[in-house]
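A structural walkthrough
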2 protein chains.
Amino acid sequence: MTKRTEYSHALDLQNGRVEMAHGSGGKAMAQLIDELFLQAFSNPWLEQMNDQACFTLPPGRVVMATDSHVISPLFFPGGDIGSLSVHGTVNDVAMSGAVPKYLSAGFILEEGFPLADLQRIVQSMARAAEEAGVAIVTGDTKVVERGKGDGCFINTTGIGVLVEQLNLSGNRVQPGDKIILSGTLGDHGVAIMSLREGLTFETTIASDSQSLHDLVAAMVAEVPEINCMRDPTRGGLAATLNEIAQSSHVGVTIYEATIPVKPQVSAACEFLGLDPLYVANEGKLVAFCPADKAEQLLAVMRKHSKGQEAAIIGEVTADPLKFVQMETVFGGRRMVDWISAEQLPRIC
Amino acid sequence: MTKRTEYSHALDLQNGRVEMAHGSGGKAMAQLIDELFLQAFSNPWLEQMNDQACFTLPPGRVVMATDSHVISPLFFPGGDIGSLSVHGTVNDVAMSGAVPKYLSAGFILEEGFPLADLQRIVQSMARAAEEAGVAIVTGDTKVVERGKGDGCFINTTGIGVLVEQLNLSGNRVQPGDKIILSGTLGDHGVAIMSLREGLTFETTIASDSQSLHDLVAAMVAEVPEINCMRDPTRGGLAATLNEIAQSSHVGVTIYEATIPVKPQVSAACEFLGLDPLYVANEGKLVAFCPADKAEQLLAVMRKHSKGQEAAIIGEVTADPLKFVQMETVFGGRRMVDWISAEQLPRIC
């Protein structure tokens, strides 16, 4: 990788801060790109130094997803805004059954943001992208004045290829489908809330933030009949189930006793007044699949390192009212409503 | 287009404001999407209500570009952040010679932002997308607390298809190439600065913000030998020429007398202490093409409504120092340096 030009001084990545000039389109921006972004993301597309990336895709339908990340705080146990921004978009692409391939990255930086923090974030993005098998091929940097942003916001947009003859969609779920969750609920949201509230538990609760592309690839290879997959992020599992119920005009029944939640997450939820059903996850998926394929799919998921705690947590019902209900551990039934209010702002 | 569910009250698009709940992943966010975004952007991909869009592309290489928009003020003569966010990314895709096809839209809204302003912006995006022949197929909305953003930031990411056997790139420019500018310089930057400074001139200076996809299509159809195209946005023509000089290891000479600048823009620049070479444009392109094709390309451009004032403004030279120079109207020569400092913050 060659720099475009010589700069009079190297960027001060220890003590330097983002300045308005870093978003100006001039030499200061070029230096930031050369010495920070290109160092971390180095790949043949970015190194073309054009305002766009050009590549060929294998045959198949193309899938596109976008996500802006505004999480606060920027660094947390189990990740940071950099890794999260890759995982979030990789997972949105992967939930269609597609193989994620390329990402764009758009940064909105606040004047005064430490370059050392930016470098840490960018390096974390680079690692996450490598793990997910995607390349960050094009980008953009804007700077806003102090007090007009909040350190660092990152948009990532991903594209992937749906090579197999898969048809997963929120409106394809059928009464009788089984609902499989890939692992424990609530880890991400509780990790962030504990950090914000300054809570300490016997064991640190870490975010589950991770890319699910490989778990998805294993699942669709074995059971292409899956009707829908979603990653229950903002609004948690409750929002996802209600969205699917609305889109597919079905009801949903889940069984509390079958839903995996880590004991420390459960304890923290109780302490914080949160319900794990509504807490954001960043490394879990929920799959809706025909009942006669459910055990086979569950077995594939449990064999995978990212699905070891997978469980069948419920089923889809014929319900014109599109209710989502839960059988509690005490044998009762309660509605799992689609909440309107904000439980956990800036969680992703 | 059908709503996912019934809401107790319609969104108050006259007096309502963005609330934290609009970014929560819950019912309030669903309502904002249903009643505001889907109303404006309605298309079959968005209406699938999945976290990603899926489509087929015609054969060819795929081109991807991203741009976050933080312009201030949000509304200006000739456009607003909505239309600008479409034009900016459509143009970045088109500069490769590709046909822009699909856009994603990621919103970062500040708590308290008027829904009426958001609707105006979104409707403007929808019109701009229609004019550019692109569909906004997937999106994301985040909300940050009052004082942690600045009303509305928009990221758009675009993909297009490079159907023809074109090879345009910043590193392909050759000594001897002619440099053609598609129209007047500085209109966008001066429109924004005049508004910020509260200046009034005899005639209002409007931004040139527009999509150049159709001009580009006409150009590459007639002269596929073009070596490079760029839209001189942030940093202006000066930044673009210096970037190309660095990437292609060439020098550039331009002739001041040939560069079209509107008289009122010229006057405003003098008043504001700006140099039109450094002022952002949002609806102009600069093309580098072999000398023996330059007149043919110029003729095609002048025939097009978006290139009527196109002019050959200079040529590429063999210069190991990669200098960009200008012959002034007085017959002198001056360096057109790549400035480091920020002249016009938040211009796009």
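Residues numbered from 1 in each chain as written. Chains lettered and ligands numbered in written order. Predicted model: local features only at pLDDT ≥ 70, side-chain atom pairs only at ≥ 80, totals over all residues. Heavy atoms only, no water.

Within chain A one finds 8 helices and 14 strands. In terms of C-alpha radius of gyration, chain A reaches 21 Å, essentially the compact-globule figure of 20 Å for 348 residues. The buried share of chain A, reckoned over its 348 residues, is 62%. Excluding contacts between residues fewer than 6 apart, the proportion of contacts in chain A whose partners are at least 24 apart in sequence is 85%. With 26 positive and 41 negative side-chain charges, chain A shows a spacing of 2 Å between the two charge centroids. (Helix = DSSP H or I, 4+ residues; strand = E, 2+ residues; numbered from the N terminus. Rg over C-alpha atoms; globule rule 2.2 N^0.38 Å. Buried < 20%, exposed > 50% of the residue type's maximum accessible area, 1.4 Å probe, protein only. Contact = heavy atoms within 4.5 Å. Lys, Arg positive; Asp, Glu negative; His and termini not counted. Charge placed at Lys NZ, Arg CZ, Asp CG, Glu CD.)

Under the fitted operation, chain B is carried onto chain A by 0.0 Å of movement along the axis and a turn of 180°, and the coordinates agree to an RMSD of 0.0 Å. These values place the two chain copies in the arrangement generated by a two-fold rotation axis. Considering only C-alpha atoms, the part of chain B nearest the rotation axis is G149 of chain B, at 2.1 Å. A share of 100% of interface residues in chain B that are also interface residues in chain A marks the association as one of identical surfaces. (Least-squares fit on C-alpha atoms with pLDDT ≥ 70 in both.)

Moving on, we come to helix α3 (residues 115-132) of chain B. All names here are of chain B. The end-to-end C-alpha distance of α3 is 25 Å, a good match for the 26 Å that 18 residues give at a rise of 1.5 Å each. Listed in full, the buried residues belonging to α3 are L115, L118, I121, V122, S124, M125, A126, A128, A129 and A132. One or two positions beyond α3, positive phi appears at G133, with a value near 70°. (Expected span 1.5 Å × (residues − 1).)

Inspection of the secondary structure assignment puts S96 of chain A in the loop between α2 (81-94) and β5 (99-110). Overall, the relative accessible area of 4% leaves S96 of chain A in the buried class. There is a polar contact of 2.7 Å between the side chain of S96 of chain A and the backbone oxygen of V93 of chain A. S96 of chain A has contacts with V63, L162 and L168 of chain A together with Q52 of chain B, leaving out every residue within four places of it along the chain. (Polar contact = N/O pair within 3.5 Å; in protein donor to acceptor, adjacent residues only side chain to side chain.)

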